[in-house]
Amino acid sequence: MKLGIFLLSENFYADAHETILNDVELGVLAEELGFDEVWFAEHHFNAFSVIPNPSLMMAAVAAKTSRIRIGTAAFLTPFYNTTRLAEEIATLDNLSSGRINAGFAKGGFALDLEYFNKNSDTLRDELYTNVKDIEQKLYRDEQFQPKPLQEKIPTYIATFATKETIEFAAKNGYGLMFSQGATLEECEEAQESYKEIAGFYPQSVLMRVFGVADTKAEATNIVLPATDHFVKSMRAIKVKGAQPEFNKANYDELLSQRESFFDATTFINAAIIGDSNECVEQIKEIKGRIKNLHLVLKVASSDIAITKEMLRVFSKEIKPKI
């Protein structure tokens, strides 16, 4: 099992500059704490998740680290010129001395489609075509420079367990990337479908909301507002609405009424939350059910100091037991 963290540059307090620098700092800390991987999202036209260019975030972390693998979860491939994206990936692989993981997704938020002049009906086909074109340029186009250092950059396709996407990944030997809300049953079914086509199980990146504290109640009180605000912000982008403001005092008042206001149920149901021993048991279940697992934690906290402490607790108290 590989262990990683997932960073989305979550701008809880309306300071994009500090938020971006904090994520670079967290990527460096992840290496210091012994994590295997750090993954960066890609979101556009978003005042909350301020990460429109994961390549730059990856380059910044590559310059400050020497061991941890650095990936994107994921490049929204239909919105790129494939030659330029292939060049970015190859350059990143050289800058990092061969530590890049490449994740690809189709995207599809309303503003993305408007600004990039795309049609939602064609995004999936463009994803497939563009990934294959990038692979061609990286490994078989003699004119393409620089070449990546890795003989084969690990490649992952984001999926919601759709049959077409699993088939595309399996036929080409790409790994699968599952979201924070994917159930273990969905992941198992996807892996089995993949194996039927490819003859082997895929490398599987599984994102999970994570929160650890002295008690499960304390961990939950940290995770709920951060996760709920993330989901609300993503929904606002999808429908081209205004970004909600983060107000932790309001969330504290509403925690006792979770079911009446909370709208991130799938993320929380799939999350790793509790004291360190409870988190160990939850991770052991995931590890026992998902093959070739890359477990990637999205620490759900609106306070970077708490985020850092959760990562330290994971490294010191949880990681040795899993």
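These numbers come from a predicted model, not from an experiment.

Caption draft 1: View of the overall build of the protein. Each helix and strand counted, the protein has 13 helices and 10 strands in total. For a compact globule of 322 residues, the expected C-alpha radius of gyration is about 20 Å, and the protein comes in at 19 Å, within 12% of that figure. Projecting the C-alpha coordinates of the protein onto the three principal axes gives extents of approximately 60 × 45 × 40 Å. Burial analysis of the protein (322 residues in total) assigns 54% to the buried set. In the protein, the share of contacts with a sequence separation of at least 24, taken over all contacts with a separation of at least 6, comes to 76%.

Caption draft 2: Representation of the pattern of salt bridges in the model. One pass over the structure, following the stated rule, counts 13 salt bridges. Between Glu 126 and Lys 118 there is a salt bridge whose closest N-O contact spans 2.7 Å. Using a relative accessible area of 26% as the deciding quantity, one classes Lys 118 as partly exposed. For Lys 132, the salt bridge goes to Glu 135, with nearest N and O atoms at 2.8 Å.

Caption draft 3: Representation of the nonpolar core. Membership of the largest hydrophobic core comes to 102 residues, with the highest contact counts inside it found for Phe 35, Phe 40, Ile 70, Phe 104, Phe 210, Phe 314 and Ile 318. The leading source of residues in this core is helix H8 (residues 216-238), at 8 residues.

Caption draft 4: Layout of a negative patch on the surface. A cluster of like negative charges, contributed by Asp 214, Glu 218, Glu 309 and Glu 317, occupies part of the molecular surface. You can call Asp 214 exposed: its relative accessible area is 67%.

Caption draft 5: Focus on the packing of aromatic side chains. If you walk through the whole model with that rule in mind, you get 14 aromatic pairs. Pairing Phe 79 with Phe 116 gives two aromatic rings, centres 4.7 Å apart and planes at 5 degrees, and the pair type is stacked. One end of the pair, Phe 79, is in the loop between strand E4 (75-76) and helix H3 (82-95); the other, Phe 116, is in the loop between helix H4 (110-115) and helix H5 (123-139), and 37 residues separate them in sequence. Residue Phe 116 is classed as partly exposed on the basis of its relative accessible area, which comes to 28%. Residues Tyr 128 and Phe 168 carry aromatic rings whose centres are separated by 4.4 Å and whose planes lie at 25 degrees to one another, so their mutual orientation is stacked. Taken as a pair, Tyr 128 in helix H5 and Phe 168 in helix H6 (residues 163-172) lie far apart in primary sequence, 40 residues in all.

Caption draft 6: Structural context of helix H1 (residues 16-32). For H1, with 17 residues, the first-to-last C-alpha span of 25 Å sits near the 24 Å given by 1.5 Å per residue. Considered for burial, the residues of H1 that qualify are Thr 19, Asn 22, Asp 23, Val 24, Leu 26, Gly 27, Val 28, Leu 29, Ala 30 and Glu 31. The inward-facing, buried residues of H1 contact strand E1 (2-7), strand E2 (37-40), helix H2 (54-64) and helix H13 (304-318). Within two residues after H1, Gly 34 carries a phi angle of roughly 90 degrees, on the positive side.

Caption draft 7: Region of the structure containing helix H7 (residues 184-198). Given a rise of 1.5 Å per residue, 15 residues ought to cover 21 Å, and the 21 Å separating the end C-alpha atoms of H7 matches this to within 8%. Turning to H7, its buried residues number three or more, namely Leu 184, Cys 187, Ala 190, Gln 191 and Tyr 194. Buried residues of H7, viewed axially, fall in a sector of 125 degrees; they line one side. More than 90 degrees from the buried face of H7, the exposed residues found are Glu 189 and Glu 196.

Caption draft 8: Structural detail: the packing of H1 against H13. Relative to each other, H1 and H13 sit at 15 degrees, their axes nearing to 11 Å. By the angle class used here, H1 and H13 are roughly parallel. Crossing geometry of H1 relative to H13 is assigned as right-handed. Packed against H1, whose contacting residues are Asn 22, Glu 25, Leu 26 and Leu 29, the element H13 presents Ile 304, Thr 307, Lys 308, Leu 311 and Arg 312 at the interface. For the contact of H1 with H13, the per-class residue count stands at 4 nonpolar, 2 polar and 3 charged.

Caption draft 9: Broad picture of the confidence of the model for the protein. Taken residue by residue, the protein gives an average pLDDT of 92. The fraction at 70 or more is 93%. Below a pLDDT of 50 lies the segment residues 253-263, which in the model reaches 17 contacts outside its immediate sequence neighbourhood of four places, other chains included.

Scoring rules and cut-offs
- Residues numbered from 1 in each chain as written.
- Predicted model: local features only at pLDDT ≥ 70, side-chain atom pairs only at ≥ 80, totals over all residues.
- Heavy atoms only, no water.
- Helix = DSSP H or I, 4+ residues; strand = E, 2+ residues; numbered from the N terminus.
- Rg over C-alpha atoms; globule rule 2.2 N^0.38 Å.
- Buried < 20%, exposed > 50% of the residue type's maximum accessible area, 1.4 Å probe, protein only.
- Contact = heavy atoms within 4.5 Å.
- Salt bridge = Lys/Arg side-chain N within 4 Å of Asp/Glu carboxyl O.
- Core = buried A, V, L, I, M, F, W, Y, C linked by side-chain atoms within 4.5 Å.
- Patch = residues over 30% accessible without salt bridge, like charges linked within 9 Å, V, L, I, M, F, W, Y side chains within 5 Å.
- Areas by Shrake-Rupley, 256 points an atom, 1.4 Å probe, with all protein chains shown as cover.
- Lys, Arg positive; Asp, Glu negative; His and termini not counted.
- Charge placed at Lys NZ, Arg CZ, Asp CG, Glu CD.
- Phe/Tyr/Trp six-rings, centres within 6.5 Å; stacked < 30°, edge-to-face > 60°.
- Expected span 1.5 Å × (residues − 1).
- Arc of directions from axis to C-beta.
- Axes fitted to C-alpha atoms, helices over the stretch in contact; angles between N-to-C directions.
- Parallel < 35°, antiparallel > 145°, perpendicular 65-115°, else oblique.
- Left-handed = near helix turned anticlockwise from the far one by under 90°.
- Nonpolar A, V, L, I, M, F, W, Y, C, P; charged D, E, K, R; others polar.
- pLDDT = per-residue confidence, 0-100.

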